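Chain and residue survey
Residues per chain, in single letters:
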Amino acid sequence: MPPKLLSYSDVGSPVHRLNGVTKLIAFLLFSIAGMVSYDTRCLLVMLVISLSVFYISKVPFKQYSFVLYLILIFSALNQLAIFLFSPEQGVQIYGTRHELLHIAGRYSLTSEQLFYQFNVLLKFAVVVPPALLFLLATEPSEFASSLNRVGVSYKVAYAISLTMRYIPDVQQEYVNISTAAQARGIDLSKKEKLGRRVKNMAAILLPLVLATLERIEKVSAALELRGFGRKRKRTWYRSRPLTKRDTLVIAGAVLISAAVLVITFWDGSRFYNPFV
Amino acid sequence: MKKPVIEFDQFTFQYRAQSEPTLRDINLTIHEGEKVLIVGPSGSGKSTLAHCINGLAPHFYPGEHSGVLKIMGADSKGMGIAELSDFIGTVMQDPDGQFVGLTVAEDIAFKLENDGVPHAEMIRRVQEAAAEVEFSDFLDASPQELSGGQKQKTTLAGGLVGGAPILLFDEPLASLDPHAGRATVELIDRLHRESGRTIMIVEHRLEEVLHCPVDRIIVIEEGRIVADLPPDELLCSGLLREKGIREPLHLSAMRYAGCAVTPEIGPRSVESVDLEGCTEQLIRWHEANLASPKSDVKQPLLELEGITFGYDPAKPVLQDVSLSVGRGEILCIAGRNGAGKSTISRLICGFHKPSSGSIRLNGRDLSRDTIRERADVIGFVMQNPNHMLSKPLLYDEVALGLVNRGVPEAEIRDRVNETLRVCGLYPFRSWPVSALSYGQKKRATIASILVLRPEILILDEPTAGQDFRHYNEMMKFLMELNSQGMTLILITHDMHLMLEYGQRTVVLAEGRKLADDTPARILGNAQVVEEAHLHETSLHILARRIGVQPEDEFVSRFIRSDRRMMN
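Residues numbered from 1 in each chain as written. Chains lettered and ligands numbered in written order. Predicted model: local features only at pLDDT ≥ 70, side-chain atom pairs only at ≥ 80, totals over all residues. Heavy atoms only, no water.

**Here's the deal with the overall build of chain B**
Spelled out, the test is: Secondary structure follows DSSP: runs of H or I at least 4 residues long count as helices, runs of E at least 2 residues long count as strands, and numbering of each begins at the N terminus. To get the radius of gyration, use the C-alpha atoms; to get the globule rule, take the number of residues to the power 0.38 and multiply by 2.2 Å. For the exposure calls, accessible area comes from a 1.4 Å probe over protein chains only, and a residue counts as buried if that area is under 20% of its type's maximum, exposed if over 50%, partly exposed in between. The contact definition used throughout considers only heavy atoms, calling two residues in contact when any of these lie within 4.5 Å. The Shrake-Rupley method, run with a 1.4 Å probe sphere, supplies the accessible areas, and residue values consider only the shown protein chains as cover. By the counting rule applied here, Lys and Arg register as positive and Asp and Glu as negative, while His and the ends of each chain are not counted. Lys charges are placed at NZ, Arg charges at CZ, Asp charges at CG and Glu charges at CD.
Counting its regular elements, chain B contains 23 helices and 20 strands. Here the C-alpha radius of gyration of chain B, 25 Å, is about what a compact globule of 567 residues would show, namely 24 Å. Within chain B, the fraction of its 567 residues that count as buried is 58%. Of all intrachain contacts in chain B linking residues separated by at least 6 positions in sequence, the fraction that spans at least 24 positions is 68%. Accessible surface computed for chain B: about 22,500 Å², of which carbon and sulfur atoms make up 48%. Charge-centre separation for chain B: the mean point of 61 positive side chains lies 5 Å from the mean point of 80 negative side chains.

Written as structure tokens, this is what we have:
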């Protein structure tokens, strides 16, 4: 059985009990503020909030470990790329130059560059936990209705939710198809040369794609037979009214992000400059 | 006279992609509160008829029509699928594919959500609909936790919830096991009696639907209505056999015995048919038939011993299962979903390794053989041919396994052509696979396995979703392979298939072997039948009613004469 990656499980934390809309709004506000601001002080405060909320949610590590590793690798690559392509970015931004170590050619390590890259890392760290939380601690059925409530068309929202509904089935289908193919000598393991493996992959993908198309046709017929897309607006079985707690959280998120933006832009620059 | 709810008047329909009309000159009126069964072989147009009623044709499957179709007195021309869905609740085959919600409750609520019904009212109506199909305890379950029958109940509640006065079932039994199928038929019947809704069932599994009464049966052939009769009259007319639809088995038995089958005796149900005039004849026929020969013990080819396996060691899927398959034998493996049927075939093919126990072929332990090495001796054919076909052309498809094994080209050509001939596909060798019919595709997948010259063929539900003619063709083909020495393992729910073609049946329940006997004896064992989600056949009931003992002997004798009559 494939591991349950990025799947919802209700561990009953206060975060899980929040409305999906609340989580979506809080996530969006936090990401915008975190993306815009380079103010180290704000980012540090946001990081503390972000991590504590994540801690409260008690989401099991297993469920996001793989994604977390991916994000770590990606952000490491990102750091490296920033340094390779613009080693003097920090100097440009902060207007001073404190060289720590000359490496080679145009590459040297400056405090400014280090500080700048630390800020980039911080932004990642601020945004990732709420994003994971929205994915992991929102009941899948509430997903679509929350998206719809913040203005996404319900057809798009439902398409997303249906995709989630069918992912386990398609996974199972893939396992079945590929094992049957292996029996006919279509080997996908490392024993086969790469070129062959890619070719063999195609032999499995064709039936998988056809089976998926067949499935889509059936589902769309089923959707239409039950009046999907008939009206411009629809109601949701899983919509819940916002509770006091939700209002508080949204208000809190609005306040924090507003404060972050105000503090960040107070002196006219997005960057907090400790060098002057 | 009750008011008509569906009226076809000189109705002809042609799909845009077809060169000829699929339905021709249909004249049919269905009245409020009727329960109508529509039968016909595949390709007869019976599904198209259903699609015209619920609007899938022409709105989803484009096409042109002439003549008039009125739904609830209004011309359907002006109505889209969504408007029609207010009058007609549709339940399609394959409950899995039409399950659109992430939980049972959401799936039931779907129609209401789209109609913009307010939240409080929606909750109430969902609960009512769930209660109507007796499924209230499962509102929060996700589709992965449900069995096929339970998904079917959900979809049925989703059809009821909008309050449509007509319910349309398009092959509702196609993917259900016999037990769930029978429960569905009974549920539909209860809904009909209690709510007075109009019910239309499109289905080719006649015997199963006739478990409960219907008012009329409409037979469709080549796009035309060829019969429209009450069930008892239709069953006596001999029309079914002519049109390639299987009549209920108890009826065939009564005919073979020479009984006069008339509408007056009520032949629809084996429980209620009046046997006064023919009990003696049936007993005489039974005694005149030769006793079944003891099947000779065959030399074991494949042996499983003490197999235990589980994806999660704490929850074993199979526990200490032992079974053996004789050379040239036809073995059926039955059991409800999740009993471990497919797991056992996957273990035999080496897709998984058992945690304990051994699998031997010709006395040799297979545990160190790879999937590919095993595939040279054991072939596995999946239920859905589309899951196996991966080449655009038939010849390449069949050749694939050999090409991957590096067999010289000249030999590939010989072996592929020979296999295509055996499978009756030689004339199509240069055709694209997509142009083949479903039955041909199924054969193509068998050919692609046969070409590797295995000693055993494992087939998962080889006749699922096929009508009687295709069922017969497929089984005749498999019997030919068997007579040439091929050993067959059939994984199936189909009780007819088991009875008619299985030499032995192994029943699995909750990962253990529950029974291992002749199909006729298995199907006569009430406890096993229940555990395996099968149900008693009409032949067993008939034998009991006329007092023949043992019942399975009556069944075996019937099967042998039936096969003689067929050929």
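**Looking at the sheet that holds strand β12 (residues 318–326) of chain B**
Two pairing modes exist for strands in a sheet, parallel and antiparallel, and in both the strands are linked by backbone hydrogen bonds. Residues and elements named next belong to chain B. How we decide: For two strands to be treated as a pair, DSSP must find no fewer than two bridges joining them. Here, axes are lines fitted to C-alpha atoms. For helices the fit covers the stretch in contact, and angles between N-to-C directions go from 0 to 180 degrees.
Ordered by their spatial adjacency, four strands build an open sheet running β12-β11-β14-β15, and the pairing between neighbours is antiparallel. Looking at the sheet topology across the chains shown, the edges are occupied by β12 and β15 (364–365). Relative to β12, strand β11 (residues 300–309) is paired through six bridges, and the arrangement is antiparallel. Across the sheet, Glu303 pairs through a bridge with Ser324, a residue of β12. Most of the contacts of helix α13 (residues 341–349) go to β11, to which it runs at about 115 degrees, and overall it touches β11, β12 and β14 (356–361).

**Section: a positive patch on the surface**
Threshold: Patch definition: residues above 30% relative accessible area lacking any salt bridge, with like charges linked at up to 9 Å and the nonpolar side chains Val, Leu, Ile, Met, Phe, Trp and Tyr linked at up to 5 Å. Criterion for a salt bridge: a side-chain nitrogen of Lys or Arg within 4 Å of a carboxyl oxygen of Asp or Glu.
A grouping of Lys193, Arg196 and Lys199 of chain A together with Lys391 of chain B is seen on the molecular surface, where their side chains present a positively charged patch. Here Lys193 of chain A shows up in the loop between α8 (154–183) and α9 (194–225).

**Structural notes on the domain arrangement of chain B**
Residues and elements named next belong to chain B. Keep this limit in mind: Start and end points for every domain follow an automatic or database-based domain assignment. Once two parts are brought into contact, the accessible area they lose, counted with a 1.4 Å probe and summed over both, makes up the buried area. Only Asp, Glu, Lys and Arg are considered charged in this grouping, and only Ala, Val, Leu, Ile, Met, Phe, Trp, Tyr, Cys and Pro are considered nonpolar; every other residue, Gly among them, is considered polar.
Partitioning chain B into structural domains gives domain 1 (4–248), domain 2 (249–295 + 538–567) and domain 3 (300–537). Taken together, the 14 residues of domain 1 in the interface contact 15 residues of domain 2. Together, the buried faces of domain 1 and domain 2 total about 1,300 Å²; carbon and sulfur atoms form 51% of this surface. Among the residues domain 1 hides against domain 2, the three largest losses belong to Asp232, Cys236 and Pro248. Together they make up 36% of the total. Put simply, domain 1 and domain 2 have two salt bridges between them. For Arg246, the salt bridge is made with Asp562, and the minimal N-O distance between the two is 3.9 Å. The dominant element in the side of domain 1 that touches domain 2, judged by the number of residues it contributes, is helix α9 (residues 231–237), at five residues. Of the residues in the side of domain 1 that touches domain 2, the class split is seven nonpolar, one polar and six charged.

**Here we look at the packing of helix α2 (residues 20–36) of chain A against helix α3 (residues 40–57) of chain A**
Residues and elements named next belong to chain A. Selection criterion: Roughly parallel covers angles under 35 degrees, roughly antiparallel covers those over 145, roughly perpendicular covers 65 to 115, and oblique covers all other angles. Helix crossings are classified by the rotation of the near helix relative to the far one: an anticlockwise turn of less than a right angle makes the crossing left-handed, while a clockwise turn makes it right-handed.
Viewed as axis vectors pointing N to C, α2 and α3 meet at an angle of 150 degrees, and their least axial separation amounts to 11 Å. Taken together, α2 and α3 sit at an angle that is classed as roughly antiparallel. Handedness of the α2/α3 crossing: left-handed. Between α2, through Phe30, Ala33 and Gly34, and α3, the contact on the second element is made entirely by Leu43, Met46, Ile49 and Ser50.

**Brief notes about the nonpolar core**
Residue and element names in this part refer to chain B. To be explicit about the condition: To qualify as a nonpolar core, a set must consist of buried Ala, Val, Leu, Ile, Met, Phe, Trp, Tyr and Cys residues joined through side-chain atoms within 4.5 Å.
Counting residues in each nonpolar core, the largest one holds 159 residues, and the members touching the most others are Met254, Leu302, Ile446 and Leu457. If one sorts the elements of this core by residue count, helix α18 (residues 468–483) sits on top with eight residues. Excluding residues within four positions of it along the chain, Met254 makes contact with Cys259, Val261, Ile265, Val273, Leu275, Cys278, Leu282 and Leu542. Phe11, Met79, Leu84 and Ile88 belong to the second-largest nonpolar core, a separate cluster that totals 28 residues.

**Thoughts on the interface of chain A and chain B**
Accessible area lost when the parts come together is the quantity often used to give the size of an interface. Short version of the rule: Polar contacts here mean pairs of N or O atoms no more than 3.5 Å apart (in protein, one a potential hydrogen donor and the other a potential acceptor; neighbouring residues in sequence count only if both atoms are side-chain atoms).
Taken together, the contacts link 53 residues of chain A with 63 residues of chain B. When residues of chain A are sorted by the area they lose upon contact with chain B, Arg184, Arg226 and Tyr237 of chain A head the list and together hold 22% of the total. Along the contact surface separating chain A from chain B lie seven salt bridges. Arg234 of chain A serves as the salt-bridge partner of Glu113 of chain B, at 2.9 Å between the closest nitrogen and oxygen. For the interface between chain A and chain B, the tally reads 29 residue pairs in polar contact (both at pLDDT 80 or more). Contributions of two or more residues to the side of chain A that touches chain B are made by α7 (140–149), α8 and α9 of chain A. Tallying contributions element by element places α9 of chain A first for the side of chain A that touches chain B, with 17 residues.

**Details of empty space enclosed by the protein**
Convention followed: A cavity here means a set of points on a 1 Å grid, drawn over the protein atoms and nothing else, where a 1.4 Å probe fits but cannot get out; a pocket is an open set with protein on both sides within 12 Å along at least five of seven lines, and a residue lines either one if it has an atom within 4 Å of a point. Grid points are joined across faces, edges and corners, and a volume is the space filled by probe spheres set on the points.
On inspection of all chains with the given rule, the structure shows three cavities of 30 Å³ or more. Approximately 80 Å³ is the volume found for the largest cavity. For the largest cavity, the full set of lining residues is Leu225 and Arg226 of chain A together with Ser85, Ile88, Gly89, Thr90, Lys111, Gly158, Gly159, Gly162 and Ala164 of chain B. Looking at the lining of the largest cavity, the elements that each hand over two or more residues are β6 (88–91) and α6 (148–160) of chain B. The residue inventory of the lining of the largest cavity, partitioned by class, reads three nonpolar, six polar and two charged.

**Here's the deal with the confidence of the model for chain B**
Filter applied, for reference: The score called pLDDT rates the predictor's confidence residue by residue, from a low of 0 to a high of 100.
Mean pLDDT over chain B: 92, with 99% of residues reaching 70 or higher. Under the prediction, the complex receives an ipTM of 0.85, its pTM being 0.86.

**Side note on the domain arrangement of chain A**
Domain annotation for chain A reports domain 1 (1–139 + 238–276) and domain 2 (151–237). Computed from C-alpha atoms alone, the centre-to-centre distance between domain 1 of chain A and domain 2 of chain A is 33 Å.

**Describing the side chain of Ser50 of chain A**
All names here are of chain A. Along the polypeptide, Ser50 turns up in helix α3. Given a relative accessible area of 5%, Ser50 falls into the buried group. A distance of 3.1 Å separates a polar side-chain atom of Ser50 from the backbone oxygen of Val126. Non-local contacts of Ser50, meaning those with residues more than four positions away in its chain, are made with Phe30, Ala125, Val126, Pro129 and Pro130.

**Thoughts on a nonpolar patch on the surface**
Residues Met201, Leu205, Leu206, Val209, Leu210, Leu213 and Ile216 of chain A make up a contiguous nonpolar surface patch of roughly 580 Å² in combined accessible area. You can see Leu213 of chain A is positioned in helix α9.

**Re the pattern of salt bridges**
All names here are of chain B. Applying the stated criterion to the full structure yields 53 salt bridges over all chains. For Arg360, the salt bridge identified is with Glu305, shortest N-O distance 3.1 Å. Taken together, the positions of Arg360 in strand β14 and Glu305 in strand β11 put the pair 55 residues apart, joining distant regions of the chain. Classification of Arg360 by relative accessible area gives partly exposed; the value is 21%.

**Brief notes about the packing of aromatic side chains**
Inclusion rule: Within 6.5 Å between ring centres, the rings of Phe, Tyr and Trp (the latter by its six-membered ring) count as paired, and their orientation is classed by plane angle as stacked under 30 degrees, edge-to-face over 60, tilted in between.
Evaluated as defined, the whole model comprises 29 aromatic pairs over all chains. Their ring planes at 35 degrees and their centres at 4.9 Å tell us that Phe134 of chain A and Phe143 of chain A sit as a pair that is tilted. Given the relative accessible area of 7%, Phe134 of chain A is considered buried. Under the relative-accessibility criterion, Phe143 of chain A is labelled buried at 8%. Ring centres of Trp285 of chain B and Phe554 of chain B lie 5.8 Å apart, and the angle between their planes is 75 degrees; on these two criteria the pair is classed as edge-to-face.

**A short note on the environment of Thr247 of chain A**
If you trace the backbone, Thr247 of chain A turns up in helix α10 (residues 244–265). Taking the C-alpha atoms as reference points, Thr247 of chain A and Leu18 of chain A, separated by 229 residues in sequence, lie 9.9 Å from one another.

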